[in-house]
Amino acid sequence: MRPDPHLKWTVLAMVLAQLLACWLVRGLAWRWLLFWAYAFGGCVNHSLTLAIHDISHNTAFGTSRAAHNRWFAIFANLPVGVPYAASFKKYHVDHHRYLGGDGLDVDVPTRLEGWLFCTPARKLLWLALQPLFYSLRPLCVNPKALTRMEVFNALVQLAANAAIFALWGLKPMVYLLASTLLGLGLHPISGHFVAEHYMFLKGHETYSYYGPLNWITFNVGYHMEHHDFPSIPGCNLPLVRKIAPEYYDHLPQHHSWVKVLWDFVFEDSLGPYARVKRVCKLAEERL
């Protein structure tokens, strides 16, 4: 599949924007630093994690240059503050291969999460702590051996963090980490975590979102289209729907991620348990 010719330049601009923001927040009061971390940095860092998602499907440089995609994902990871890209790639393959697979798809919440976060207040807390659950759940559900690319990812990230701290002090690092924690927590863009695979209607486990936030999230909302054609870059997913509307327009869909979050918190039928879970047979690894 032809790569997205604009993706690498968009990511470069976002990384540079966050570096400029790091320089600008050096003298800000803490309350304003946290405000901008949520209002601006949270949008940029969450969008960068979705760029990493797109890049994990080799959409930046194409399938013939897979290594270039891996390295570029690590570059896109820099403003996030914590090494993420290499581990995401390792587990995201299973999400597509074993969607909802018990013990395989780490996107599915654990039994403990379903049992514990079952009231509106607790579900609100669960949404706020999404970065924590997404980072720790793979270690509990489907631990895998550490790879050399993950070590490289961690070393590059630590070097970048150390350079920012040495140049500009503590506040820029707090800004970047707060941007990640707040942007991936209780934030409008985080509605996609819930919108994609939680059963808002019985019998439907994957949903697309056709709202305006697709413009800043690499069209991750076109999720039915993405699971049908995972190698198609996000920039072309609206074209998939346009070409084949008879396959998508009649399906249940979302138009507001904020409403998704509201319904998730206050509807009794929704919660971490509202996911399809299935037993999957492991695919044979072939050389």
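Basis of the calculations
Residues numbered from 1 in each chain as written. Predicted model: local features only at pLDDT ≥ 70, side-chain atom pairs only at ≥ 80, totals over all residues. Heavy atoms only, no water. Salt bridge = Lys/Arg side-chain N within 4 Å of Asp/Glu carboxyl O. Helix = DSSP H or I, 4+ residues; strand = E, 2+ residues; numbered from the N terminus. Buried < 20%, exposed > 50% of the residue type's maximum accessible area, 1.4 Å probe, protein only. Axes fitted to C-alpha atoms, helices over the stretch in contact; angles between N-to-C directions. Parallel < 35°, antiparallel > 145°, perpendicular 65-115°, else oblique. Left-handed = near helix turned anticlockwise from the far one by under 90°. Contact = heavy atoms within 4.5 Å. Nonpolar A, V, L, I, M, F, W, Y, C, P; charged D, E, K, R; others polar. Polar contact = N/O pair within 3.5 Å; in protein donor to acceptor, adjacent residues only side chain to side chain. 1 Å grid on protein atoms, 1.4 Å probe; cavity = no way out; pocket = protein on both sides within 12 Å on 5 of 7 lines; lining within 4 Å. Points joined across faces, edges and corners; volume = space filled by probe spheres on them.

Applying the stated criterion across every chain, the model contains eight salt bridges. Here Lys277 ties to Asp102 by a salt bridge, and the two come within 3.7 Å at their closest N and O atoms. Of the two residues, Lys277 sits in the segment after helix H13 (257–266) while Asp102 sits in the loop between helix H4 (85–97) and helix H5 (111–116), which places them 175 residues apart along the sequence. Residue class for Asp102 comes out partly exposed when judged on its relative accessible area of 46%. Arg241 is paired through a salt bridge with Asp249; the nearest N and O atoms lie 2.9 Å apart. Residue class for Arg241 comes out partly exposed when judged on its relative accessible area of 22%.

Look at helix H1 (residues 7–24) against helix H9 (residues 170–183): their axes get within 8 Å of each other, and the N-to-C directions meet at 130 degrees. Comparing their axes, H9 and H1 come out oblique. The chirality of how H1 crosses H9 is right-handed. Here H1 contributes Gln18, Ala21 and Cys22 to the contact with H9, which in turn contributes Pro172, Tyr175, Leu176 and Ser179. In terms of residue class, the contact of H1 with H9 is made up of five nonpolar, two polar and no charged.

With that settled, the discussion passes to the side chain of Ser190. Within the secondary structure layout, Ser190 lies in the loop between H9 and helix H10 (191–195). According to the relative accessible area criterion, Ser190 is buried, its value standing at 2%. A polar contact is formed between the side chain of Ser190 and the backbone oxygen of Leu184, at a distance of 3.3 Å. Polar side-chain contacts of Ser190 include one of 2.8 Å to the backbone oxygen of Gly185.

Turning to empty space enclosed by the protein, a few remarks are in order. Applying the stated criterion across every chain yields a total of two cavities of 30 Å³ or more. In terms of lining residues, the largest cavity is bounded by Leu50, His53, Asp54, Thr217, Phe218, Asn219, Val220, His226, Ile232, Gly234 and Leu237. Of all the elements, helix H2 (residues 30–55) adds the most residues to the lining of the largest cavity, at three residues. Within the lining of the largest cavity, the residues separate by chemical class into five nonpolar, five polar and one charged. By volume, the second largest cavity amounts to about 40 Å³.

What follows is about the layout of surface pockets. For the largest pocket, the calculated volume is near 990 Å³. Tyr84, Phe88, Tyr134, Ser135 and Pro138 are, among the 37 residues lining the largest pocket, the residues nearest its centre. Broken down by secondary-structure element, the contributors of at least two residues to the lining of the largest pocket are H2, H4, helix H7 (130–141), H9 and H10. The element contributing the most residues to the lining of the largest pocket is H7, with seven residues. A volume near 300 Å³ is recorded for the second largest pocket. Looking at the second largest pocket, it is lined by 18 residues, and the ones nearest its centre are Asn214, Trp215, Ile216, Phe218 and Asn219. The leading source of residues in the lining of the second largest pocket is H1, at three residues.

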